[in-house]
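Coordinate analysis (summary)
Given next are the chains, with one letter for each unit.
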Amino acid sequence: MLKALERASVLVEALPYIKKFYGKTVVIKYGGHAMINPELKEAVLTDAVLMKYVGMNPVIVHGGGPEITGMLKRVGKESRFVGGLRVTDAETMEIVEMVLVGKINKEIVTRINRIGGRAVGLSGKDGDLFQAVKKYRKVRTPDGRDEVADIGFVGDISRVNSGIVSIVINEGYIPVVAPVAVGAEGQSYNINADYAAGRLAAALGADKLVILTDVEGILADRNDPASIISVLHLNEVASLIEQGKIDGGMIPKVECCTDALAGGVNTTHILDGRVPHSILLELFTDQGIGTMVQK
Ligand SMILES: Nc1ncnc2c1ncn2[C@@H]1O[C@H](COP(=O)(O)OP(=O)(O)O)[C@@H](O)[C@H]1O
Ligand SMILES: CC(=O)N[C@@H](CCC(=O)OP(=O)(O)O)C(=O)O
């Protein structure tokens with residue numbers, strides 16, 4: 001009884017925020033490292049279910065980088081990344097699709113349904129959701145020259161047909177999206193889940209994009225968790241990347257925020273997925289947590 005009352009009082013405190021976000025779409029990028037711990041997994045998906053219950057429209061775009069790396073290792077393939085993106089040959093692409101679409105997507109859907117929500121899993125191929133062309137990545141050589149690297153079947157999203165996601169939302173389900181896209185000839189493309197989330201948020205006209213990761217947010221000094229940047233303006237991003245202060249897996253995250261903001265999303269956030277219920281802390285408190293990237 002006491003527990004129920006405690007929960008009720010928490011809900012009363014959250015009411016103004018619930019009203020503020022009622023009917024709003026929030027795209028959640030649920031990332032590889034925040035996905036590993038089973039308790040955290042449960043907390044993130046419970047947050048999504050709660051959001052749906054109180055009238056918001058959560059949309060989950062998931063990654064699964066560490067699981068893909070694990071599966072590749074099992075078949076004797078080493079993973080290589082260029083600028084945070086996996087170099088993807090034909091065999092790697094097959095495994096990426098099996099892991100993301102066949103395994104992780106269905107696991108998330110099953111968990112949400114068991115928690116008491118209703119979820120539908122989609123990949124970028126369903127309803128032609130993500131169409132892509134081959135992506136080339138600019139890299140800086142050790143002697144300071146810029147080169148274009150061929151990273152295989154990694155795609156740039158050329159078009160988002162978000163209709164199928166809207167149908168799923170409007171029918172009362174939580175869409176769960178795997179970041180595999182389709183090319184002009186029907187071939188599969190591996191899309192970094194951050195980019196997929198940013199583009200989908202823009203196409204849906206989402207109010208918020210929330211990216212969960214395994215650090216506190218964007219750090220000014222990567223070795224100092226206290227150096228978190230609470231608000232990062234878009235005009236500061238390029239120089240932080242240029243100076244190497246933002247690198248690796250954080251590059252797709254800030255670029256994804258850039259895409260989303262350019263596409264009309266109101267606010268974008270990079271949050272610590274290791275903190276239980278970090279999404280609710282961001283949504284339902286004034287101070288917010290993590291890094292907000294804004295125009
Ligand atoms: N300025 C920065 N602040 C915080 N993390 C950074 C920064 N630059 C690079 N990183 C790296 O980015 C990583 C997050 O990207 P990634 O490992 O791809 O996350 P995920 O698996 O959650 O998608 C962090 O663990 C950190 O190593
Ligand atoms: C092109 C590219 O790098 N694709 C990613 C797709 C999964 C992903 O983005 O997973 P996280 O969000 O867990 O990192 C990959 O192959 O790892």
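This one's a predicted model, so the numbers in the text were calculated from it and none came from an experiment. (Residues numbered from 1 in each chain as written. Chains lettered and ligands numbered in written order. Predicted model: local features only at pLDDT ≥ 70, side-chain atom pairs only at ≥ 80, totals over all residues. Heavy atoms only, no water.)

**Points about the overall build of the chain**
Across its full length, the chain carries 9 helices and 14 strands. For the chain, the C-alpha radius of gyration of 19 Å lies close to 19 Å, the compact-globule estimate for 295 residues. When its C-alpha atoms are laid out on the principal axes, the chain stretches across 65 × 40 × 35 Å. In the chain, buried positions account for 50% of the 295 residues. Only carbon and sulfur atoms are counted for the fraction: they give 54% of the accessible area of the chain, which is about 13900 Å². (Helix = DSSP H or I, 4+ residues; strand = E, 2+ residues; numbered from the N terminus. Rg over C-alpha atoms; globule rule 2.2 N^0.38 Å. Buried < 20%, exposed > 50% of the residue type's maximum accessible area, 1.4 Å probe, protein only. Areas by Shrake-Rupley, 256 points an atom, 1.4 Å probe, with all protein chains shown as cover.)

**Quick notes on the environment of Val101**
Looking at the secondary structure, you find Val101 in helix α4 (residues 90-115). Measuring from C-alpha to C-alpha, the distance between Val101 and Ala206 comes to 24 Å, with 105 residues separating the pair along the chain. Excluding residues that lie within four positions of it along the chain, Val101 makes contacts with Val96, Lys106, Ser123, Ala178 and Val180. (Contact = heavy atoms within 4.5 Å.)

**With respect to the packing of aromatic side chains**
Given two aromatic rings, their pairing is described by the distance between the two centres and the angle made by the two planes. The final tally for this structure, using the stated rule, is 1 aromatic pair. With a centroid separation of 6.4 Å and an interplanar angle of 45°, the aromatic rings of Phe153 and Tyr189 are classed as tilted. One end of the pair, Phe153, is in strand β7 (residues 146-160); the other, Tyr189, is in strand β10 (residues 188-190), with 36 residues separating them in the sequence. Take Phe153: its relative accessible area is 30%, and that puts it in the partly exposed class. (Phe/Tyr/Trp six-rings, centres within 6.5 Å; stacked < 30°, edge-to-face > 60°.)

**Comments concerning the sheet that holds strand β13 (residues 267-272)**
Here 8 strands make up an open sheet; going across it, the order is β5-β8-β2-β1-β11-β13-β14-β12 and the pairing mixed. What marks the edges here is a single partner per strand, and that holds for β5 (119-123) and β12 (231-233). Strand-to-strand twist of the sheet, defined as the mean angle between neighbouring strand axes without regard to direction, takes the value 20°. Alignment of β5 against strand β8 (residues 174-178), held across 5 bridges, turns out to be parallel. Its bridge partner lying in β8, Leu122 is registered against Val177. (Pairing = 2+ DSSP bridges. Axes fitted to C-alpha atoms, helices over the stretch in contact; angles between N-to-C directions.)

**Let's talk about the pattern of salt bridges**
The full count for this structure, using the stated rule, is 16 salt bridges. Measuring nitrogen to oxygen at the nearest pair gives 2.7 Å for the salt bridge that ties Arg111 to Glu42. Here Arg111 is found in helix α4, whereas its partner Glu42 is found in helix α2 (residues 38-53), with 69 residues between them in sequence. Under the relative-accessibility criterion, Arg111 is labelled partly exposed at 26%. A residue is classified by how much of its surface remains accessible, and Glu42, at 35% relative accessible area, is partly exposed. Connected via shared salt-bridge partners are Lys29, Asp194 and Lys253. (Salt bridge = Lys/Arg side-chain N within 4 Å of Asp/Glu carboxyl O.)

**Examining the UniProt feature "binding site: substrate" (unreviewed entry) in the chain**
The residues that UniProt annotates with the feature "binding site: substrate" (unreviewed entry) are Gly64, Gly65, Arg86 and Asn190. Spatially, the listed residues are clustered: although they cover 127 residues, their C-alpha atoms lie within 11.8 Å of one another. Inspection of the secondary structure assignment puts Gly65 in helix α3 (residues 65-74). As for its position among the elements, Arg86 is in strand β4 (residues 85-86). Beyond its immediate stretch of four places on either side in the chain, Arg86 contacts Gly65, Ile68, Thr69, Leu72, Ser79, Arg80, Phe81, Thr92, Val96, Ile151, Val154 and Asn190. At 3.0 Å, the side chain of Arg86 and the backbone oxygen of Gly65 are in polar contact. (UniProt positions renumbered as here; feature names shortened; annotations may be inferred. Polar contact = N/O pair within 3.5 Å; in protein donor to acceptor, adjacent residues only side chain to side chain.)

**Quick look at helix α6 (residues 193-204)**
Helix length check: α6, at 12 residues, gives a terminal C-alpha distance of 16 Å against a target of 16 Å (1.5 Å per residue), a fit within 8%. Counting buried residues along α6, 10 of its 12 residues qualify, which places the element largely inside the surrounding structure. Along α6, the residues classified as buried are Ala193, Asp194, Tyr195, Ala196, Ala197, Gly198, Leu200, Ala201, Ala202 and Leu204. A distance of 2.7 Å separates the backbone nitrogen of Asp194 from a side-chain oxygen at the start of α6, and that oxygen is part of Asn192. Just downstream of α6 lies Gly205, where phi reads positive at about 65°. (Expected span 1.5 Å × (residues − 1).)

**What about the nonpolar core?**
In this structure, Val27, Phe130, Leu200, Leu209 and Ile218 are the most contacted members of the largest nonpolar core, which totals 46 residues. Elements supplying a minimum of two residues to this core: β2 (57-62), β6 (130-140), β7, α5 (163-170), α6, β11 (208-213), α7 (234-242) and α8 (250-262). Counting residues in hydrophobic clusters, the runner-up holds 40 residues, among them Phe21, Ile28, Ala48 and Val49. (Core = buried A, V, L, I, M, F, W, Y, C linked by side-chain atoms within 4.5 Å.)

**Points about the packing of α6 against α8**
At their nearest, the axes of α6 and α8 sit 8 Å apart, and the two run at 10° to each other. In terms of orientation, α6 and α8 fall into the roughly parallel class. Across the interface between the two elements, Asp194, Tyr195, Gly198, Arg199 and Ala202 from α6 touch Pro252, Lys253, Glu255, Cys256, Asp259 and Ala260 from α8. Looking at the contact of α6 with α8 residue by residue, the classes come out as 5 nonpolar, 1 polar and 5 charged. (Parallel < 35°, antiparallel > 145°, perpendicular 65-115°, else oblique. Nonpolar A, V, L, I, M, F, W, Y, C, P; charged D, E, K, R; others polar.)

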